[in-house]
Amino acid sequence: MCGIIGVTGDEGALETIFDGLRRLEYRGYDSAGVALVDQGVLWRERAADGTHSVEDLVAKKAAPPSSRAGIGHTRWATHGSPTVANAHPHVDCTGRVALVHNGIIENHAELAATLADQGHTFTSETDTEVLVHLLEDELASGAGLADALRTTLGKLRGAFSVVALSTSDPELIVAGRRSVPLLAALGQQTGLVASDVSALLGRADGYFALDDDQVAEVRPGSLRVTTLDGREVDPTVVTVDPAWDVVAAQMGGFCDFMSKEIHEQPRAIADTLLDRRAGDGSLVLDELHLSPDVLRAVDKVVVVACGSSFHAGLVAKYAIERWARLPTEVVIASELRYREPVLHERTLVVGVSQSGETLDTLEALREARRAGARTLVVTNVVHSTMAREADGAIYTRAGPEVSVASTKSHLAQIVALDVLALALAQWLGTMGARAVAAVLDELQSLPAAVADALGRAKEVDDVADALLGARDYFFIGRNLGYPVALEGALKLKEISYLRAEGYPAGELKHGPLALVEPGTVVVAILDPLRDKMRSNVAEAVSRGATVVAVAADGNPDAGGDHVLRVPDVADPVLAPVVEVVPLQLLAYALARRLGNDVDRPRNLAKTVTVE
Ligand code: M6R
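So, a few notes on the structure that sits alongside this text. Being a predicted model, the structure only gives us computed values, none of them experimental.

## A word on the overall build of the protein
From N to C terminus, the protein includes 20 helices and 25 strands. Within the protein, buried positions represent 60% of all 611 residues. Across the protein, every contact between residues at least 6 apart in sequence was considered, and the portion connecting residues at least 24 apart equals 71%. About 22,100 Å² of surface is accessible on the protein, with carbon and sulfur atoms providing 50% of the total.

Right, here's the structure in full:
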């Protein structure tokens with residue numbers, strides 16, 4: 001996720017862009033940049049400070065130009081590390097066109113190869129840079145900037161929003177989008193575009209939303225919107241709540257970051273899956289940096305992680321063992337270091353970490369490298385220490401996660417690990433191309449399934465109302481339901497401060513059942529082993545527990561005092577992605593009812609850099 005902005009007709013264009021970037025910084029902050037046309041010359045400045053790039057950029061401005069139009073960008077790296085060279089805006093070979101981009105261009109590699117053959121020089125590792133060279137070609141053939149953008153966007157696969165400007169028409173900014181939000185706004189003598197309303201508030205009289213495959217031509221005080229084939233359309237008018245301040249807008253109207261991030265999950269999953277398929281339909285993992293030959297030699301996988309990332313690893317064990325037929329061990333990172341683990345050059349050690357900085361996981365990976373193992377990290381932060389030190393990486397593209405409780409990064413981790421499991425299966429030959437493609441299709445259906453699960457929040461709220469007052473929870477599940485139970489219990493204890501234990505359902509009778517009494521809540525993940533789960537639920541019911549069943553729509557006999565239904569998912573390995581959703585919502589609903597600060601729970605930190 002990145003933030004983009006474009007401004008025209010504004011005497012203080014540079015300051016307006018800086019202000020907009022500060023308001024968009026929650027979308028990404030590892031690098032930032034700005035470009036303006038000043039007296040016929042393109043002026044650009046970029047910074048890549050890692051955490052405070054916008055302020056670093058502001059500090060860098062040597063002599064503010066007198067331009068009235070410009071574009072800006074604040075980046076959360078997905079393709080290419082967060083360096084100044086990779087920071088946006090990107091500029092064409094002639095130095096006359098600049099462009100900023102939010103999203104992923106899936107066919108960038110094919111486009112870049114063709115452009116390079118034609119003599120274009122690339123200066124970054126980003127997927128974005130192809131766009132500015134495509135614009136350059138169109139302009140060279142006599143097209144205007146808007147026509148050039150329409151043609152260019154028509155050549156793209158992926159999800160994106162872009163803003164561009166050129167020296168040939170200095171007061172024109174052009175913008176377009178597909179599957180990624182982009183708003184336009186008009187003042188009396190100004191025009192703006194931005195990733196979201198937070199950057200536009202207080203600067204416009206009217207707001208408009210671009211739809212997929214539309215291009216906006218913005219001039220001072222005027223807006224023209226067309227489809228990619230040049231047909232003019234009326235832009236969709238957006239009503240902005242007059243009570244919104246900038247902070248509320250940054251949270252997209254949600255009360256807190258946790259609920260915003262829960263609702264961003266469909267997008268986080270979709271982005272994590274973008275760019276994973278080659279033209280022939282096979283699986284590609286660009287950022288892996290481990291050759292298929294190295295991976296073919298792997299005979300054991302060890303996943304190391306903490307907290308929610310550990311639970312994602314537990315789900316991955318089922319995927320890797322089922323699809324790639326590789327023995328897989330999942331170890332709590334702090335437990336790996338001091339136990340003399342058996343690791344060697346044929347062991348693939350996978351660190352899973354949202355932040356990429358958790359010390360326990362980092363040290364476990366270092367231990368693995370010292371032992372000669374191949375290391376891979378699944379992380380949300382491209383420039384993190386783990387990403388730099390590991391042999392290879394797979395990036396979750398969840399965007400910055402602010403709330404201490406992991407939500408969107410957790411689901412994105414499961415999906416990224418599924419992609420890894422499929423890639424191993426493809427390289428090891430344990431699955432044929434058609435079987436891999438079928439699972440990839442299933443994965444692509446998950447954003448809609450998660451959106452469906454989120455649409456059932458009212459049912460979860462009703463259950464939370466009924467449970468209020470209970471203090472003891474058991475979350476139980478079997479097989480793939482077990483890591484879901486662990487994650488549900490972790491979410492609940494983390495933000496509601498209620499006692500919550502995650503247990504393999506079959507273990508209940510070996511001890512914990514002694515604690516079950518009237519008033520205890522047992523949350524049972526019924527699938528995939530629904531028949532076996534029925535007897536475990538009966539054990540709890542006969543001790544007076546209140547049972548909340550989590551069951552797929554197609555599960556006919558979901559008993560219990562309350563049932564939280566989730567959409568059916570054809571492949572049971574993928575079901576945890578939807579089953580976790582009502583548990584996140586339940587923890588959130590209970591914590592809010594208890595008056596807790598859900599974004600900053602007591603005693604906890606977002607990134608744990610101590611042992
Ligand atoms: O950044 P990491 O994924 O390495 O963090 C690991 C855990 O600290 C983290 O998942 C923690 O358990 C979350 N607060 C859970 O919501």
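## Focus on the packing of helix H1 (residues 13–24) against helix H2 (residues 53–60)
Contact geometry of H1 with H2 gives a least axis separation of 9 Å together with a crossing angle of 165°. Here H1 lies roughly antiparallel to H2, going by the angle between them. Handedness of the crossing formed by H1 with H2: left-handed. Mapping the contact onto sequence places Phe-18, Leu-21 and Arg-22 in H1 and Val-54, Glu-55, Leu-57 and Val-58 in H2. Its residues assigned to classes, the contact of H1 with H2 comprises five nonpolar, no polar and two charged.

## Examining the site of the ligand
The local shell around the ligand holds 14 residues, among which Ser-309, Ser-353, Gln-354, Thr-358 and Glu-494 are the closest. Contact distances for the ligand include 3.1 Å between an oxygen atom and a backbone N or O atom of Ser-308. Between Ser-309 and the ligand, the recorded distance is 2.6 Å, taken from a side-chain N or O atom to an oxygen atom. Here the ligand, which alone exposes 410 Å², has 92% of that area covered by the protein. For the shell around the ligand, the elements supplying multiple residues, two or more each, are helix H10 (307–324) and helix H18 (481–496).

## Notes on the packing of helix H14 (residues 408–428) against helix H15 (residues 433–444)
Put simply, H14 and H15 touch, their axes get as near as 10 Å, and they point 170° apart. Compared by their axis directions, H14 and H15 come out roughly antiparallel. Only Val-436, Val-439, Leu-440 and Leu-443 of H15 make contact with H14, whose side of the interface consists of Val-415, Asp-418, Val-419, Leu-422 and Gln-426. Its residues assigned to classes, the contact of H14 with H15 comprises seven nonpolar, one polar and one charged.

## Quick notes on the environment of Gly-50
Looking at the secondary structure, you find Gly-50 in the loop between strand S3 (41–47) and H2. The buried category is assigned to Gly-50, whose relative accessible area is 10%.

## A short note on the sheet that holds strand S8 (residues 173–178)
Judged by pairing direction, the sheet is antiparallel, and its seven strands sit side by side in the order S5-S6-S7-S8-S12-S13-S14 without closing on themselves. Pairing within the sheet leaves two strands with one partner each, and these edge strands are strand S5 (90–91) and strand S14 (232–233). Inspection of the sheet shows strand S13 (residues 222–227) paired to S14 by two bridges, in the antiparallel sense. Residue Thr-226 lies in a different strand from S14, and its bridge partner there is Glu-232. Here helix H5 (residues 145–154) sits on the sheet in contact with strand S6 (97–105), strand S7 (158–166), S8, strand S12 (214–219) and S13, set at roughly 20° to S8.

## Some details on the pattern of salt bridges
A complete count under the given rule lists 43 salt bridges for this structure. With a closest N to O distance of 3.1 Å, Glu-232 and Arg-224 form a salt bridge. Classification of Glu-232 as exposed rests on a relative accessible area of 52%. Three or more residues joined by partner-sharing salt bridges are found here, namely Asp-147, Arg-150, Glu-217, Arg-224 and Glu-232.

## Looking at the packing of aromatic side chains
In total, this model carries three aromatic pairs according to the counting rule given. Seen in terms of ring centroids, Tyr-29 and Trp-76 are 5.3 Å apart; in terms of plane orientation they differ by 75°. Their pairing is edge-to-face. With Tyr-29 in the loop between H1 and strand S2 (31–38) and Trp-76 in the loop between strand S4 (70–75) and S5, the pair connects residues that are 47 residues apart, well separated along the chain. Of the residues examined, Tyr-29 reaches a relative accessible area of 26% and is grouped as partly exposed.

## Focus on the sheet that holds strand S24 (residues 546–552)
Across the sheet, five strands lie side by side as S22-S21-S23-S24-S25; this open sheet has parallel pairing. Looking at the sheet topology across the chains shown, the edges are occupied by strand S22 (499–504) and strand S25 (562–566). Each strand of the sheet is rotated relative to its neighbour by a mean of 20°, with strand direction disregarded. Sheet topology note: the strand S21 (residues 472–477)/S22 ladder contains six bridges and is parallel. What sits directly across from Asp-472, in S22, is Arg-499. The sheet contacts of helix H17 (residues 457–467) involve S21, strand S23 (521–525), S24 and S25, and relative to S25 the element is tilted by about 155°. Along the sheet, helix H19 (residues 530–541) contacts S21, S23 and S24; its crossing angle with S23, the most-contacted strand, is approximately 175°.

Calculation notes
- Residues numbered from 1 in each chain as written.
- Predicted model: local features only at pLDDT ≥ 70, side-chain atom pairs only at ≥ 80, totals over all residues.
- Heavy atoms only, no water.
- Helix = DSSP H or I, 4+ residues; strand = E, 2+ residues; numbered from the N terminus.
- Buried < 20%, exposed > 50% of the residue type's maximum accessible area, 1.4 Å probe, protein only.
- Contact = heavy atoms within 4.5 Å.
- Areas by Shrake-Rupley, 256 points an atom, 1.4 Å probe, with all protein chains shown as cover.
- Axes fitted to C-alpha atoms, helices over the stretch in contact; angles between N-to-C directions.
- Parallel < 35°, antiparallel > 145°, perpendicular 65-115°, else oblique.
- Left-handed = near helix turned anticlockwise from the far one by under 90°.
- Nonpolar A, V, L, I, M, F, W, Y, C, P; charged D, E, K, R; others polar.
- Near = heavy atom within 4 Å.
- Polar contact = N/O pair within 3.5 Å; in protein donor to acceptor, adjacent residues only side chain to side chain.
- Pairing = 2+ DSSP bridges.
- Salt bridge = Lys/Arg side-chain N within 4 Å of Asp/Glu carboxyl O.
- Phe/Tyr/Trp six-rings, centres within 6.5 Å; stacked < 30°, edge-to-face > 60°.

Spatial relationships are all this shows, so hold off on functional conclusions.
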